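Descriptive structure summary
Each chain is listed here by its residues.
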Amino acid sequence: QLRLVRWLLYILTVVMSLVLQDTLMSQVSIFGATTDLVPAVILLITVAIGSEEGGVFALVAALIYFFAGTAPGPYSVALLPIYGLAGGLFRENFWRRGMASDVLCAGIAMIAYEMTVFGLGIFSELTNWYRWHIFLITGILSILVMLPLYPIVSKIHAIGGETWKE
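Our subject in this report is the structure included herewith. (Residues numbered from 1 in each chain as written. Predicted model: local features only at pLDDT ≥ 70, side-chain atom pairs only at ≥ 80, totals over all residues. Heavy atoms only, no water.)

What follows is about the pattern of salt bridges. If you walk through the whole model with that rule in mind, you get two salt bridges. For Glu 53, the salt bridge goes to Arg 6, with nearest N and O atoms at 3.9 Å. Of this pair, Glu 53 sits in helix α3 (residues 51-67) while Arg 6 sits in helix α1 (residues 2-23), placing them 47 residues apart in sequence. Arg 6 matches Glu 53 in its accessibility class, with the two residues each being buried. (Salt bridge = Lys/Arg side-chain N within 4 Å of Asp/Glu carboxyl O. Helix = DSSP H or I, 4+ residues; strand = E, 2+ residues; numbered from the N terminus. Buried < 20%, exposed > 50% of the residue type's maximum accessible area, 1.4 Å probe, protein only.)

Now for the packing of α1 against α3. Two numbers describe how α1 lies on α3: the axes approach to 11 Å, and their chain directions differ by 40°. Our classification of the angle between α1 and α3 gives oblique. Here the hand of the crossing between α1 and α3 comes out right-handed. Every residue of α3 that contacts α1 at Arg 3, Arg 6, Trp 7, Tyr 10, Ile 11, Val 14 and Leu 18 is listed here: Glu 53, Val 56, Phe 57, Val 60, Ala 61, Ile 64 and Tyr 65. When grouped by side-chain class, the residues that make up the contact of α1 with α3 number 11 nonpolar, no polar and three charged. (Axes fitted to C-alpha atoms, helices over the stretch in contact; angles between N-to-C directions. Parallel < 35°, antiparallel > 145°, perpendicular 65-115°, else oblique. Left-handed = near helix turned anticlockwise from the far one by under 90°. Contact = heavy atoms within 4.5 Å. Nonpolar A, V, L, I, M, F, W, Y, C, P; charged D, E, K, R; others polar.)

On to the nonpolar core. In this structure, Ile 42, Leu 44, Phe 57, Tyr 65 and Tyr 113 are the most contacted members of the largest nonpolar core, which totals 41 residues. For this core, the elements supplying multiple residues, two or more each, are α1, α2 (37-49), α3, α4 (76-94), α5 (99-123) and α6 (132-157). The element best represented in this core is α2, accounting for 11 residues. Discounting chain neighbours no more than four positions away, the residues touching Leu 44 are Asp 102, Val 103, Ala 106, Met 146, Leu 149, Tyr 150 and Val 153. (Core = buried A, V, L, I, M, F, W, Y, C linked by side-chain atoms within 4.5 Å.)

Relative to the elements of secondary structure, Ser 154 occurs in helix α6. With a relative accessible area of 18%, Ser 154 lands in the buried category.

Now for the environment of Asp 22. Within the secondary structure layout, Asp 22 lies in helix α1. Along the primary structure Asp 22 and Tyr 75 are separated by 53 residues, whereas in three dimensions their C-alpha atoms are 20 Å apart.

Of the voids in this model, the largest pocket is the one considered here, and its volume is about 380 Å³. Contributing to the lining of the largest pocket are 20 residues, with Thr 34, Thr 35, Asp 36, Glu 114 and Thr 138 lying nearest its centre. Counting only elements with at least two residues in the lining of the largest pocket, the list comes to α1, α5 and α6. (1 Å grid on protein atoms, 1.4 Å probe; cavity = no way out; pocket = protein on both sides within 12 Å on 5 of 7 lines; lining within 4 Å. Points joined across faces, edges and corners; volume = space filled by probe spheres on them.)

Looking now at α3. In a regular helix each residue adds 1.5 Å, so 17 residues correspond to 24 Å; α3 covers 24 Å between its end C-alpha atoms and thus fits that length. Taken as a whole, α3 has its buried residues at Ser 51, Glu 53, Gly 54, Gly 55, Phe 57, Ala 58, Ala 61, Ala 62 and Tyr 65. Just beyond α3, the residue with positive phi is Gly 69, at close to 90°. (Expected span 1.5 Å × (residues − 1).)

Next up on the list: the environment of Leu 141. Along the polypeptide, Leu 141 turns up in helix α6. If sequence neighbours within four positions are ignored, Leu 141 has contacts with Ile 30, Ala 33, Thr 34 and Thr 35.

For α1, built from 22 residues, the straight-helix expectation of 32 Å at 1.5 Å per residue is met to within 8% by its first-to-last C-alpha distance of 31 Å. Among the residues of α1, those classed as buried are Arg 6, Trp 7, Tyr 10, Ile 11, Thr 13, Val 14, Ser 17, Leu 18 and Gln 21. Down the axis of α1, the smallest arc covering the buried residues is 140°, so these residues share one side. Along α1, the residues that are exposed and aim more than 90 degrees away from the buried face are Leu 2, Leu 4, Leu 8 and Thr 23. Tucked into the core, α1 has its buried residues touching α2, α3 and α6. (Arc of directions from axis to C-beta.)

So this is what it looks like as structure tokens:
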């Protein structure tokens, strides 16, 4: 029962990030870029909870992101689980669980995701080469947003499961 509550809170976090991104965060522009809050939340949770649960979560959350209509394209349904799992597996195999390692691995996954979205935009002629720095800044801003989100994710993960030793 508590595991179900934890999953519902994870999904609620993604839905709330969708609302927050569309109503508030999209209005704030720094150097011509805004945060990409929903992928940041998905990648942070995926890396933080581990590869087994994280992979399933990333797929479900990416589907919600896509069907909400705010994802840049259907490729997000594949990219978010792939990069989230890669970040989670790297963290599990080389570092101990903690805020620094989770945010760093999720951040690297975030930059990879943003640059892949840029590459796909170039390939499909939806953006221009001179906009690469906007995608990079978006990734960096999204990593900065992960820092205050991590305590929320760790509190949710403590529900009905093992506690993290940091």
